[in-house]
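What follows is each chain in one-letter form.
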Amino acid sequence: MLDPAALLAGQGPEPSSAPVPRVLLPETAEVDGAGRLRVGGLDVCELAERFGTPLFVYDELDLRRRCREARAAFGEGVAYATKAFLCRAMAALAVEEGLWLDVSTGGELHVALAAGVPPERLVLHGNNKSEEELAQALELGVGRIVVDSFDEIDRLGALLGRSGRVGERRVPQPVLVRVTPGVEAHTHEFVRTGQDDSKFGFGLASGAAAEAVARVRALAGLELVGLHAHIGSQVFKVASFAEAVAVLAEFFRPLGLGELCVGGGLGVPYVTGEPAPTMAEWAAAVRGACEAAGIGPEVRVTAEPGRAIVARAGMTLYRVGTVKELPGIRTYVAVDGGMSDNPRPVLYGSGYEAFLPRAALAARPRAVRVVGKHCESGDVVVADARVPEDLAVGDVLATPVTGAYGYAMASNYNKVPRPAVVFVAEGRARVVVRRETLDDLLRLDVGPGDAGVA
Ligand SMILES: Cc1ncc(COP(=O)(O)O)c(C=O)c1O
Ligand SMILES: N[C@@H](CCCC[NH3+])C(=O)O
């Protein structure tokens, strides 16, 4: 098994010059007689022509199948972690496919509500929820609030008062207590969350988790229904989840609670040769660990996958603008996006593949570095890419597996407008997030002629 920490640090397997393997492409990807890639029944290069570049293209069938897989693996209550990618179309799709939604800020909550998601299917997260966010969650009656700090418990207590009522609303409000089990997931340190030294949740070893349970139980208007633990993201070893369950079980069993959420974090392959467990294997490992630890089938075991739902369904299309050959050094292929649409290489040293959708089955012998258009040397899209020999200025270049934490973490750095996002299915494309315009860049800008804006 490869060490995913090494992969995230950019020391993964040698870049392959073979065509991008199927496992990195969305479900409906197919190659036509001319070698051109089609997704959702549409020619990918034509999508770039029609909608412009950079462009995020999501295969709707892939998204739906991953949601169904999650639902089949974990059952009712499994939530899609919207931080990975959220717009109204995505929220609606996940709910249509039977998932709940994990929202971790008032902003994500706002988008989910705007998509028509019923509040009882929402799980509110956050290590620093504001009074406004908590008040809104209580008024709406969200499905779960995942309590993360003593200050939050105090805030909830103040909002509920002695009556334990919120306006006219029926309480109690179901809550989970987030516990850090002291397990170090094998992943990049920036995305590890289950260790004792963490800003998230209540430590088990320190006794904070036990105190949190007692304080939540003492509050009128809150109903403690279970525990939550999220050990990290892009985790490949299901044994890490099993370990977390084993550690949590000692604390969980005597509490007599009916729900245990193991968070999200299932890893996905980004580059050739990366192995990743399926959602079913993940769920089986978690259930096996529950059984071994004496957590019976009456307990609802849930999860919150984000990346595993949306990563592979999405790919980014760029247009090649310049090719700069530095003899004896390397070749730079610059595209019309970069760290503003995919900050993961800069943040975590993450690896990606690159290929030409006009020649999807072509060998990729040419070693290049794909870079963006931002004013930073670190603005790298694919550090060690292999591309076809005849790649040229004007080509559409695709990076697969960009559906998670790409658009979600996109920025306007260098005043580059954010790309559009399209969903494709059965020969039809629909824009679900429109491309930002240059005027959008001035939307919040208060100029000398604009009076009276706070
Ligand atoms: C509490 C919680 N749940 C779910 C997720 C989703 O994680 P992933 O996208 O790795 O599945 C995260 C992010 O890592 C998280 O912090
Ligand atoms: N943004 C990170 C993952 C963080 C997960 C959020 N809890 C990534 O792209 O890998």
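Procedures and definitions
- Residues numbered from 1 in each chain as written.
- Chains lettered and ligands numbered in written order.
- Predicted model: local features only at pLDDT ≥ 70, side-chain atom pairs only at ≥ 80, totals over all residues.
- Heavy atoms only, no water.
- UniProt positions renumbered as here; feature names shortened; annotations may be inferred.
- Helix = DSSP H or I, 4+ residues; strand = E, 2+ residues; numbered from the N terminus.
- Buried < 20%, exposed > 50% of the residue type's maximum accessible area, 1.4 Å probe, protein only.
- Polar contact = N/O pair within 3.5 Å; in protein donor to acceptor, adjacent residues only side chain to side chain.
- Near = heavy atom within 4 Å.
- Areas by Shrake-Rupley, 256 points an atom, 1.4 Å probe, with all protein chains shown as cover.
- Nonpolar A, V, L, I, M, F, W, Y, C, P; charged D, E, K, R; others polar.
- 1 Å grid on protein atoms, 1.4 Å probe; cavity = no way out; pocket = protein on both sides within 12 Å on 5 of 7 lines; lining within 4 Å.
- Points joined across faces, edges and corners; volume = space filled by probe spheres on them.
- Salt bridge = Lys/Arg side-chain N within 4 Å of Asp/Glu carboxyl O.
- Phe/Tyr/Trp six-rings, centres within 6.5 Å; stacked < 30°, edge-to-face > 60°.
- Contact = heavy atoms within 4.5 Å.

By the naming in an unreviewed UniProt entry, the chain is Diaminopimelate decarboxylase, taken from Aciditerrimonas ferrireducens. As stated in UniProt under Pathway (unreviewed entry), the record for the chain gives "Amino-acid biosynthesis; L-lysine biosynthesis via DAP pathway; L-lysine from DL-2,6-diaminopimelate: step 1/1." The Subunit (unreviewed entry) field of the UniProt record for the chain holds the comment "Homodimer."

Caption draft 1: Representation of the side chain of Thr 53. Mapped onto the secondary structure, Thr 53 falls in the loop between helix H2 (44–51) and strand S4 (55–59). Take Thr 53: its relative accessible area is 18%, and that puts it in the buried class. Of the polar contacts made by the side chain of Thr 53, one reaches the side chain of Asp 336; its length is 2.5 Å.

Caption draft 2: Quick look at the site of ligand 2. Around ligand 2, the structure places 8 residues, and the nearest of them are Arg 307, Arg 344, Tyr 348, Tyr 405 and Met 409. In the model, an oxygen atom of ligand 2 is placed 2.7 Å from a nitrogen or oxygen of the Arg 307 side chain. Interatomic distance of 2.9 Å between a side-chain N/O atom of Tyr 348 and a nitrogen atom of ligand 2. Protein burial of ligand 2: of its 310 Å² of free accessible surface, 81% is covered by the chains. Of the residues that constitute the shell around ligand 2, the class distribution is 4 nonpolar, 1 polar and 3 charged.

Caption draft 3: Structural view of the layout of surface pockets. When its volume is computed, the second largest pocket comes out at roughly 560 Å³. Going through the elements one at a time, helix H5 (106–114) and strand S20 (428–433) are the ones with two or more residues in the lining of the second largest pocket.

Caption draft 4: Representation of empty space enclosed by the protein. For the structure shown, the criterion picks out 2 cavities of 30 Å³ or more. Empty space within the largest cavity amounts to approximately 70 Å³. Lining the largest cavity, in full, are Gly 77, Ala 79, Trp 100, Val 123, Arg 144, Leu 176, Glu 259, Cys 261, Arg 300, Thr 302, Ala 303 and Glu 304. Of all the secondary structure elements, the ones that give two or more residues to the lining of the largest cavity are strand S12 (259–261) and strand S13 (300–302). Residue classes in the lining of the largest cavity are distributed as 6 nonpolar, 2 polar and 4 charged. Here the second largest cavity is characterised by a volume of approximately 40 Å³. Lining the second largest cavity, in full, are Ala 229, Ile 231, Phe 241, Ala 244, Val 245, Leu 248 and Val 262. Taken together, the residues that form the lining of the second largest cavity break down as 7 nonpolar, no polar and no charged.

Caption draft 5: Expanded view of the pattern of salt bridges. By the definition in use, this model includes 28 salt bridges. Residues Glu 27 and Arg 66 are paired through a salt bridge, measuring 2.9 Å at the closest nitrogen-oxygen approach. Residue Glu 27 is located in the loop between helix H1 (4–8) and strand S1 (30–31), and its partner Arg 66 is located in helix H3 (residues 60–74); the two are separated by 39 residues in the primary sequence. Glu 27 sits in the partly exposed class, given a relative accessible area of 26%. Residue Arg 418 pairs with Glu 436 through a salt bridge whose shortest N-O separation is 3.3 Å. Here Glu 436 lies in the segment after S20 and Arg 418 lies in the loop between strand S18 (396–400) and strand S19 (420–425), a separation of 18 residues in the sequence. Taken together, the shared-partner salt bridges in this structure form one network comprising Glu 27, Asp 62, Arg 65, Arg 66, Glu 69 and Arg 312.

Caption draft 6: Highlighting the packing of aromatic side chains. Applying the stated criterion to the full structure yields 8 aromatic pairs. Taken together, a centroid distance of 5.0 Å and an interplanar angle of 75° make the contact between Phe 74 and Trp 282 edge-to-face. Remark: Trp 282 occurs in helix H10 (residues 279–292) and Phe 74 occurs in helix H3; sequence separation between them is 208 residues. Where Tyr 270 meets Tyr 352, the ring centres are 5.3 Å apart and the plane angle is 80°; that geometry is what we call edge-to-face.

Caption draft 7: A look at the environment of Ala 229. Take Ala 229: it is sitting in the loop between strand S11 (222–228) and helix H9 (238–252). C-alpha of Ala 229 to C-alpha of Pro 305: the two residues are 76 residues apart in sequence and 13 Å apart in space. With residues up to four places along the chain from it excluded, the contact list for Ala 229 reads Val 179, Pro 181, Leu 248, Cys 261, Val 262 and Gly 263.

Caption draft 8: Local environment of unusual backbone geometry. Across the junction of Thr 53 and Pro 54, the peptide omega takes the value -10°, indicating a cis bond. Locating Pro 54 in the fold gives a position in the loop between H2 and S4. Positive phi, normally seen in glycine, also occurs at Tyr 405, with a value near 55°. Along the chain, the position of Tyr 405 falls in the loop between S18 and S19. Here Tyr 405 falls in the buried class, since its relative accessible area comes to 16%. Residue Asn 414 is not a glycine yet carries a positive backbone phi of 60°. Take Asn 414: it is sitting in the loop between S18 and S19. With relative accessibility at 33%, the residue Asn 414 sits in the partly exposed group.

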